[in-house]
Amino acid sequence: MTATAIDTLSGAQSASIDRAAALKRLRLPDSLFRNLTLFSALVVLLLLAGVAVALFIGSWPAFSTFGLNFFISDRWSPPKQIFGGEAAIVGTLITSAIAMVIGVPVGLGIAVFLTELCPTPLRRPIGIAIELLAGIPSIIYGIWGVYYLRPVMQAYIQPFLINTIGDVPLIGALFQGPPLGYGVFTAGLVLAVMILPFVTAISRDVFDTVPSVLKEAAYGVGATTFEVVGNIVIPYTRVGVIGGVMLALGRALGETMAVTFVIGNASHISASILAQGTTISAMIANQFADADPGLFTSSLMALGFILFIITFIVLAAARWMLAELELKA
Amino acid sequence: MFLRSLISAAIGATLVASTVTIASAGDISGAGATFPFPIYAKWADAYKNATGNGLNYQSIGSGAGIKQIEAKTVTFGATDAPLTPEQLDKAGLAQWPMVMGGIVPVLNLEGVKAGDVVIDGPTLAKIYLGTITKWNDPALKALNSKVNLPDLAIAVIHRADGSGTTFNFTNYLDKVSPDWKAKVGEATSVEWPTGIGAKGNDGVANNVATTKGAIGYVEYAYAKQNKLTYADMINQAGKTVAPTIEAFQAAAANADWSKAPGFYLILSDQPGENSWPMTAATFILMYKKPVDITQSNEALQFFAYCYDKGADQATALDYIPMPANVVDMVKKMWASDIIQK
Amino acid sequence: MANLYPGRRRRNVIWTGLAYAATAFGLAWLALILGALLWQGFGGLSLDVFTKVTAPAGMVGGLLNSIVGSVIVTVIGLAIGAPLGILAGTYLAEYGRYTKLATVVRFINDILLSAPSIVVGLFIYQLLVVPAGHFSALAGAVALAVIGAPIMVRTTEDMLNLVPNPLREAASALGMPRSFVIRRVAYRAVRSGIVTGILLAVARMTGETAPLIFTALGNSLFEVDPTQPMSSLPLIIYEFARSPYAEQQKLAWTGALLLTLTVLGLSILARALSAQRGANQS
């Protein structure tokens with residue numbers, strides 16, 4: 001017995017020596033892996049910082065030459081070297097606003113349909129179909145918009161709008177102008193179709209977090225579907241829905257391809273949303289290749305920087321709201 | 001797993017494609033004007049068949065072409081807006097005209113065929129200034145008594161990118177309309193008072209073809225190849241001319257290249273009974289001290305081929321090849337100014 | 001008390017009707033767009049599309065260089081972005097799960113996830129194209145990597161967070177160093193989830209146009225050298241869609257169809273994988 005005990009002891013000892021040696025050998029790859037992951041995480045940080053810094057440095061000449069006037073002037077003259085970003089900035093905001101006004105109610109409506117009204121066997125196929133819409137590359141929306149939507153806008157929708165709403169005082173000023181099909185409204189419409197799947201997807205996920213007991217309780221006392229959605233689901237998920245909407249807004253603000261084909265690329269804005277306009281991304285996409293280094297390139301960089309800041313603020317707000325919802329759930 | 005299949009798909013595709021001609025070191029890279037792109041493409045094809053060397057020409061507009069050659073990202077830049085001798089010296093670039101062509105107004109009106117409508121310079125300027133907004137405007141009606149111009153809004157199409165075609169177009173408008181000169185001026189990229197911006201000669205042609213009531217300006221080959229409805233114009237001599245190769249040649253005959261340092265010459269609004277008012281030459285820019293001498297020589301060989309053997313293809317597309325004396329001047333300039341060894 | 005029920009029922013009918021209408025509206029757009037794609041793109045499909053290079057107007061051409069270019073740029077972009085994304089996601093879920101740094105990185109990653117892609121293109125232009133003096137597929141690939149990596153960071157982190165801690169603890173108790181725990185146990189458990197993330201990232205990267213405009217530029221010749229400008233499907237669609245020549249427009253639609261089918265195929269594959277994983281787990 002003593003022999004086996006001694007054997008076991010020495011066996012255990014040699015095993016622990018092997019183990020120590022093995023662990024020592026593995027220490028380097030182990031810390032290497034850890035440092036690699038840490039490094040990758042830092043690269044993500046650096047990327048965003050890099051984008052912000054590179055854009056800012058590139059745009060400094062424009063900001064220092066034009067100052068705050070850059071934001072309110074809509075002159076854009078390469079030969080005279082006078083640049084003002086107002087047309088692009090306002091165009092970006094207006095097209096995104098139109099996209100929101102049309103896309104958000106539709107997206108929410110679809111989400112409500114999918115969670116409350118849809119018969120269960122249809123739920124998955126329709127949900128998948130809507131998500132497929134989200135996956136379509138934006139350039140497809142662009143060429144579809146210019147070849148299919150624009151002629152329809154020119155021939156039917158815009159004349160209709162001009163003749164009906166165009167005569168209404170006040171709002172009518174928004175719907176003036178020759179119907180050409182190209183314009184801020186058409187671009188906003190294409191953007192709306194682009195972002196509605198995002199709104200639907202996030203809203204649906206958010207609606208699903210509502211505890212069924214709450215809904216069942218409401219149904220149980222005789223509430224209609226509309227009342228359940230309006231009084232239970234939406235108030236419960238309000239913050240999450242807004243977060244999803246702002247995420248979609250962030251997407252709409254930065255879109256290039258869907259917009260540049262149909263917006264008309266005019267360097268001035270008019271009051272009418274049926275008129276041509278431009279957005280920051282469309283302007284950069286069209287003119288960056290020709291911009292001579294100097295004020296022209298710097299002004300485009302400045303526009304890019306402004307776009308970056310706007311989307312950063314919107315996305316940060318969206319994330320904060322969605323995080324609040326995560327905490328709740 | 002998926003990565004592996006992606007990589008093997010890529011390798012497979014590359015193997016398949018190796019049976020296709022692969023871009024070789026002899027390939028030339030150029031970028032710039034959309035104005036001459038149809039003829040450059042034809043020439044490149046012929047050159048490739050003859051020598052096996054290909055040309056990667058990115059038709060991104062004169063403004064971008066100038067920018068790319070200045071950034072040294074391509075072997076040659078192509079532009080219809082020539083650089084002035086001062087600009088050439090500053091950048092160390094050599095410039096020469098490759099071919100000439102005409103810019104024509106194109107329009108989209110139902111029932112109107114090519115050559116039916118007549119426009120003159122001042123009216124064209126007013127349309128682009130936005131003071132004439134409908135097709136049945138009295139000014140247009142006065143020029144076109146035989147055509148039934150409809151009560152339709154004019155969709156003005158212009159360039160959204162930096163364009164040598166725009167430069168020549170606005171240069172012409174400057175000459176015929178003091179109003180235009182005061183308000184807008186001439187450049188590759190101007191502050192357009194009105195209208196829709198399209199990218200490239202091709203983009204303008206596309207927009208005009210698909211938009212009712214549109215008017216635009218394109219290089220003639222684009223109008224011809226796409227059967228667009230062009231308009232006749234009234235030239236400096238007061239005569240109505242159609243955009244034909246004879247009209248372009250009549251305008252080009254006035255050009256005296258020997259008196260133009262750096263070959264800087266604008267052919268708009270030329271005198272002569274048969275001259276087309278918006279004729280233009282298109283230029284090539286290359287470095288006198290090239291970054292890559294082999295590439296540079298390759299490009300020069302290509303251009304020599306185009307001069308020597310490309311005349312027929314040019315005239316088939318209604319471009320005008322450079323006259324022989326100009327070709328001699330250019331070749332002499334290559335030998336003296338561009339380092340080839 | 002007045003009978004409220006008819007009013008409530010009416011309101012319910014109106015609003016649920018609107019919800020139905022919204023769904024019909026959304027599905028109608030999808031049908032219109034996919035219908036247009038199939039209608040226009042199918043007509044242009046032929047062997048030439050896959051065997052011939054893009055040609056100028058008037059000559060018979062195809063999309064070979066664009067397809068190959070897309071594959072090359074995406075593969076290189078994946079090779080750069082996938083390790084970066086997966087490793088960063090690993091840090092967020094494993095080593096740094098409760099650290100302040102992880103919170104900041106998570107925040108930044110979400111911003112990058114939805115950042116305007118044209119801004120990314122501008123950044124890479126300043127970083128890689130200007131100093132190098134020429135456009136290159138490599139620069140395009142890096143731009144795509146910057147767009148695809150955040151997706152993989154997010155998916156990897158979400159997946160790793162699902163691995164139950166007892167699994168990790170058991171491995172550690174056996175004496176495994178942390179990195180082995182992650183690599184041998186955690187990764188293996190969420191393998192299909194990480195692949196799903198990669199597929200989604202590839203789907204996103206394949207469809208992007210704006211970042212490639214200033215980086216890869218485009219090439220009318222067949223090119224496989226990543227240090228040269230290279231064509232890709234989104235770029236050629238952008239170019240041909242603006243062209244007035246009918247045969248080029250047709251190729252634009254065919255390219256658009258190919259692109260959409262690829263992206264949708266990848267998304268469906270990703271879904272199938274995650275559904276399978278769900279089935280396996282339950």
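Every value quoted in this text rests on a predicted model; they were computed, and no experiment measured them.

What counts, and at which threshold
- Residues numbered from 1 in each chain as written.
- Chains lettered and ligands numbered in written order.
- Predicted model: local features only at pLDDT ≥ 70, side-chain atom pairs only at ≥ 80, totals over all residues.
- Heavy atoms only, no water.
- Helix = DSSP H or I, 4+ residues; strand = E, 2+ residues; numbered from the N terminus.
- Rg over C-alpha atoms; globule rule 2.2 N^0.38 Å.
- Buried < 20%, exposed > 50% of the residue type's maximum accessible area, 1.4 Å probe, protein only.
- Contact = heavy atoms within 4.5 Å.
- Salt bridge = Lys/Arg side-chain N within 4 Å of Asp/Glu carboxyl O.
- Core = buried A, V, L, I, M, F, W, Y, C linked by side-chain atoms within 4.5 Å.
- 1 Å grid on protein atoms, 1.4 Å probe; cavity = no way out; pocket = protein on both sides within 12 Å on 5 of 7 lines; lining within 4 Å.
- Points joined across faces, edges and corners; volume = space filled by probe spheres on them.
- Nonpolar A, V, L, I, M, F, W, Y, C, P; charged D, E, K, R; others polar.
- Buried area = accessible area lost by both parts, 1.4 Å probe.
- Axes fitted to C-alpha atoms, helices over the stretch in contact; angles between N-to-C directions.
- Parallel < 35°, antiparallel > 145°, perpendicular 65-115°, else oblique.
- Left-handed = near helix turned anticlockwise from the far one by under 90°.
- Polar contact = N/O pair within 3.5 Å; in protein donor to acceptor, adjacent residues only side chain to side chain.
- Pairing = 2+ DSSP bridges.
- Patch = residues over 30% accessible without salt bridge, like charges linked within 9 Å, V, L, I, M, F, W, Y side chains within 5 Å.
- Areas by Shrake-Rupley, 256 points an atom, 1.4 Å probe, with all protein chains shown as cover.
- Lys, Arg positive; Asp, Glu negative; His and termini not counted.
- Charge placed at Lys NZ, Arg CZ, Asp CG, Glu CD.
- Phe/Tyr/Trp six-rings, centres within 6.5 Å; stacked < 30°, edge-to-face > 60°.

What's the story with the overall build of chain C in this structure? I'm lost.
Helix and strand counts for chain C stand at 12 helices and 0 strands. For chain C, the sequential pattern of α-helices and β-strands runs α-α-α-α-α-α-α-α-α-α-α-α. For chain C, whose C-alpha radius of gyration is 24 Å, the value lies well above the compact-globule estimate of 19 Å for 282 residues. Seen through its principal axes, chain C has C-alpha atoms that stretch 70 × 70 × 35 Å. Taking all 282 residues of chain C together, 61% fall into the buried category. Of all intrachain contacts in chain C linking residues separated by at least 6 positions in sequence, the fraction that spans at least 24 positions is 74%.

Mind showing me how you'd approach the pattern of salt bridges here?
Side chains bearing opposite charge may pair, as long as their charged atoms lie close to each other. In the structure shown here, the tally under the stated rule is 18 salt bridges over all chains. The salt bridge partner of K215 of chain A is E116 of chain A, with a shortest N-O separation of 3.1 Å. Of this pair, K215 of chain A sits in helix α7 (residues 212–220) while E116 of chain A sits in helix α3 (residues 86–117); the two residues are 99 residues apart in sequence, bridging distant segments of the chain. When sorted by exposure, K215 of chain A lands in the same class as E116 of chain A, which is buried. Close ionic contact of K113 of chain B with D116 of chain B constitutes a salt bridge, the shortest N to O distance being 3.9 Å. One network of salt bridges, in which partners are shared, links R319 of chain A together with D110 and R154 of chain C.

What is the right way to look at the nonpolar core in this model?
A general tendency of soluble globular proteins is for nonpolar side chains to be buried together. All names here are of chain B. Ranked by size, the top nonpolar core spans 305 residues in total, and within it W96, Y128, F303 and W334 carry the most contacts. In this view, W334 contacts W96, L300, F303, A304, Y307 and Q340; residues no more than four positions away in its chain are not counted. With 12 residues, the next largest nonpolar core counts I66, I69, L93 and Y287 among its residues.

Looking at this structure, I do not really get the layout of surface pockets. What am I missing?
Rolled over the atoms, a probe with the dimensions of a water molecule shows which regions are left empty. Roughly 1000 Å³ of internal volume is contained in the second largest pocket. Listing elements by their share of the lining of the second largest pocket, those giving two or more residues are α2 (37–51), β2 (55–58) and α9 (200–210) of chain B together with α11 (233–241) of chain C. At 6 residues, α2 of chain B tops the list of elements feeding residues into the lining of the second largest pocket. Of the residues in the lining of the second largest pocket, the class split is 26 nonpolar, 14 polar and 9 charged.

Help me understand the interface of chain C and chain A in this model?
A common way to express how large an interface is: the accessible area buried when the components associate. Counting from both sides, the interface comprises 79 residues of chain C and, opposite them, 76 residues of chain A. Considering only the side of chain C, the residues that lose the most area to chain A are W29, I33 and F123 of chain C, jointly responsible for 8% of the buried surface there. Linking chain C with chain A are 2 salt bridges. Measuring nitrogen to oxygen at the nearest pair gives 2.2 Å for the salt bridge that ties R319 of chain A to D110 of chain C.

In this structure, what is going on with the packing of helix α5 (residues 138–164) of chain A against helix α6 (residues 184–208) of chain A? I would like to understand it.
The description of two packed helices rests on the angle between their axes and on the distance between the axes. All names here are of chain A. Running from N to C, α5 and α6 point in directions that differ by 130 degrees, and their axes come no closer than 9 Å. By the criterion of interaxial angle, the relationship of α5 to α6 is oblique. As for the relative orientation of α5 and α6, their crossing is right-handed in sense. Taken together, the residues of α6 that come into contact with α5 (itself represented by S138, Y141, G145, L149, M153, Q158 and L161) are F185, T186, L189, V190, V193 and M194. Of the residues in the contact of α5 with α6, the class split is 9 nonpolar, 4 polar and no charged.

What is the right way to read the interface of chain B and chain C from this model?
In this assembly, 37 residues from chain B lie in contact with 33 residues from chain C. Our count for the chain B to chain C interface comes out at 0 salt bridges. Our count for the chain B to chain C interface comes out at 9 residue pairs in polar contact (both at pLDDT 80 or more). Sorting elements by how many residues they give to the side of chain B that touches chain C places helix α1 (residues 2–18) of chain B first, with 8 residues. Here the residues of the side of chain B that touches chain C sort into 18 nonpolar, 11 polar and 8 charged.

What's the story with the sheet that holds strand β10 (residues 232–234) of chain B in this structure? I'm lost.
The strands making up a sheet are joined through hydrogen bonds of the backbone, oriented either antiparallel or parallel. Residues and elements named next belong to chain B. Reading across from one edge, β5-β10-β11 is the order of the 3 strands in this open sheet, with mixed pairing throughout. Both edges of this open sheet fall to β5 (118–120) and β11 (240–241), since each of them pairs with a single strand only. Across 3 bridges, β5 lies against β10 in parallel orientation. Pairing of V118 across the sheet is with D232, part of β10. The strands touched by helix α5 (residues 121–129) are β5 and β10; relative to β5, the strand with the most contacts, the crossing angle is about 85 degrees.

It is not clear to me how the environment of D225 of chain C should be interpreted in this structure. Could you clarify?
All names here are of chain C. Residue placement: D225 occurs in the loop between α10 (210–213) and α11. Assessed through its relative accessible area of 32%, D225 is described here as partly exposed. A distance of 2.9 Å separates polar atoms of two side chains, one belonging to D225 and the other to T227.

Looking at this structure, I do not really get the side chain of T90 of chain C. What am I missing?
Mapped onto the secondary structure, T90 of chain C falls in helix α3 (residues 64–95). A relative accessible area of 0% places T90 of chain C in the buried class. Leaving out residues up to four positions away in the same chain, T90 of chain C has contacts with F33 and T37 of chain A together with Y95, T156, L160, I182 and Y187 of chain C.

Would you mind going over a positive patch on the surface with me for this structure?
Residue and element names in this part refer to chain C. Where like charges cluster on the molecular surface, the positive patch consists of R183, R184, R188 and R191. Tallying contributions element by element places helix α8 (residues 178–189) first for the positive patch, with 3 residues. Structurally, R184 can be placed in helix α8.

When you look at the packing of aromatic side chains in this model, what are you seeing that I'm missing?
Two numbers describe a pair of aromatic rings. These are the distance of the centres and the angle of the planes. One pass over the structure, following the stated rule, counts 49 aromatic pairs over all chains. Judged by centre distance (5.1 Å) and plane angle (20 degrees), the rings of F83 of chain A and F296 of chain A are stacked. Note that F83 of chain A is positioned in strand β2 (residues 82–83) and F296 of chain A in helix α11 (residues 295–328), a separation of 213 residues in sequence. The residues F83 of chain A and F296 of chain A share a single accessibility class, namely buried. Centre to centre, the rings of Y57 of chain B and F76 of chain B are 6.1 Å apart; their planes meet at 15 degrees, and the pair counts as stacked. With Y57 of chain B in strand β2 and F76 of chain B in strand β3 (residues 76–79), this residue pair connects regions lying 19 residues apart in the sequence. Accessibility assignment for this pair places Y57 of chain B and F76 of chain B in one class, buried.

What should I look at first to understand the environment of P261 of chain B in this one?
The residue P261 of chain B is located in the loop between α11 (245–252) and β12 (279–287) in this model. For the pair P261 of chain B and E86 of chain B, spaced 175 residues apart in sequence, the C-alpha separation works out to 10.0 Å.

Would you explain empty space enclosed by the protein in this entry?
On inspection of all chains with the given rule, the structure shows 9 cavities of 30 Å³ or more. The computed volume of the largest cavity comes to approximately 200 Å³. Lining the largest cavity are 19 residues, with T260 and F261 of chain A, A198 and N207 of chain B together with R242 of chain C positioned closest to its centre. With 4 residues, α9 of chain B is the largest single contributor of residues to the lining of the largest cavity. Tallied by class, residues from the lining of the largest cavity come to 8 nonpolar, 9 polar and 2 charged. The volume enclosed by the second largest cavity comes to roughly 80 Å³. If you go around the second largest cavity, the residues you meet are G250, R251, G254 and E255 of chain A together with S114, A115, P116, S117, R204 and E208 of chain C. With 3 residues, the top contributor of residues to the lining of the second largest cavity is helix α8 (residues 225–254) of chain A.

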